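Below are the chains, spelled out letter by letter.
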Amino acid sequence: MTKYPYPPLVLEPEQYDSLLQLATQKHQTLSEVAVEVVRLGLETLKQRSDRISGEGDRQSQKALECLNSLRAEIQQTHGIYSGDLLAEVRTEREEQRSKIITWEL
């Protein structure tokens, strides 16, 4: 079996026909046109990805700014809780477990 330096490319019939038509119009081989089309397609996908990634960064930044302003508003309205929420929840859970174990529901 012959090994190719590159794996064969499988195209849909319409894609093959379009590439063949382009190759004929440009007086190039089918492979030359296919390489150019793939290169252009990959560039386009990368540009889209970069653009979407940039938009995602801006959306994340806007969301963080919104959350920070909400946090500041809540802090101004209600102040900062000075207790230890984690310790309080643990104590409450231990009390509930104790009641369950001793049947003091």
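What counts and what doesn't
Residues numbered from 1 in each chain as written. Predicted model: local features only at pLDDT ≥ 70, side-chain atom pairs only at ≥ 80, totals over all residues. Heavy atoms only, no water. Helix = DSSP H or I, 4+ residues; strand = E, 2+ residues; numbered from the N terminus. Rg over C-alpha atoms; globule rule 2.2 N^0.38 Å. Areas by Shrake-Rupley, 256 points an atom, 1.4 Å probe, with all protein chains shown as cover. Lys, Arg positive; Asp, Glu negative; His and termini not counted. Charge placed at Lys NZ, Arg CZ, Asp CG, Glu CD. Buried < 20%, exposed > 50% of the residue type's maximum accessible area, 1.4 Å probe, protein only. Patch = residues over 30% accessible without salt bridge, like charges linked within 9 Å, V, L, I, M, F, W, Y side chains within 5 Å. Salt bridge = Lys/Arg side-chain N within 4 Å of Asp/Glu carboxyl O. 1 Å grid on protein atoms, 1.4 Å probe; cavity = no way out; pocket = protein on both sides within 12 Å on 5 of 7 lines; lining within 4 Å. Points joined across faces, edges and corners; volume = space filled by probe spheres on them. Nonpolar A, V, L, I, M, F, W, Y, C, P; charged D, E, K, R; others polar.

Trainee: How would you explain the overall build of the protein if you had to name every residue and give the values?
Mentor: Check the secondary structure of the protein and you find three helices and zero strands. Ordered by position from the N terminus, the helices and strands of the protein form the series α-α-α. In summary, the protein has a C-alpha radius of gyration of 32 Å against a globular reference of 13 Å for 105 residues, an excess of more than 25%. As presented, the protein carries roughly 10,200 Å² of accessible surface, and 57% of it is formed by carbon and sulfur atoms. Averaged over its 13 positive side-chain charges, the protein has a centre that lies 3 Å from the centre of its 17 negative ones.

Trainee: Can you break down unusual backbone geometry residue by residue, with the values?
Mentor: The phi dihedral of H27 falls on the positive side, at around 55°, and the residue is not glycine. You can see H27 is positioned in the loop between α1 (13–26) and α2 (30–78). Taking the relative accessible area as the measure of exposure, H27 reaches 74% and is therefore exposed.

Trainee: Please give an account of the environment of P8 that cites residues and values.
Mentor: Along the polypeptide, P8 turns up in the segment before α1. Residue P8 is classed as exposed on the basis of its relative accessible area of 65%.

Trainee: Tell me about a nonpolar patch on the surface, and name the residues and values.
Mentor: The grouping of L9, L11, Y16, L20, V38, L42 and L45 at the surface amounts to a nonpolar patch, some 650 Å² of accessible area in total. Within the residue set of the nonpolar patch, elements represented by two or more residues are α1 and α2. Among the elements that take part in the nonpolar patch, α2 stands out by supplying three residues, more than any other. When you line up the elements, L11 lands in the segment before α1.

Trainee: Please give an account of the layout of surface pockets that cites residues and values.
Mentor: Taken as a whole, the largest pocket holds about 190 Å³ of empty space. Around the largest pocket sit Y6, P7, L9, L11, Y16, L19, L30, S31, A34, V35 and V38, which together line it. When residues of the lining of the largest pocket are traced back to their parent elements, those giving at least two are α1 and α2. Tallying contributions element by element places α2 first for the lining of the largest pocket, with five residues. In the lining of the largest pocket, the residues fall into ten nonpolar, one polar and no charged.

Trainee: Break down the pattern of salt bridges for me, citing the residues and quoting the values.
Mentor: Under the counting rule described, the total for this entry stands at two salt bridges. Across the pair E36 and K26 runs a salt bridge whose closest N-O atoms are separated by 2.9 Å. You can see E36 sitting in helix α2 and its partner K26 sitting in helix α1, a full ten residues away along the chain. Owing to a relative accessible area of 39%, K26 belongs among the partly exposed residues under this scheme. Among the ionic pairs, E43 bridges to R39, the shortest N-O distance being 3.0 Å. Here the residue E43 and the residue R39 both occupy positions in helix α2, the gap between them amounting to four residues, near one helical turn. Given a relative accessible area of 38%, E43 falls into the partly exposed group. For R39, a relative accessible area of 42% puts it in the partly exposed group.

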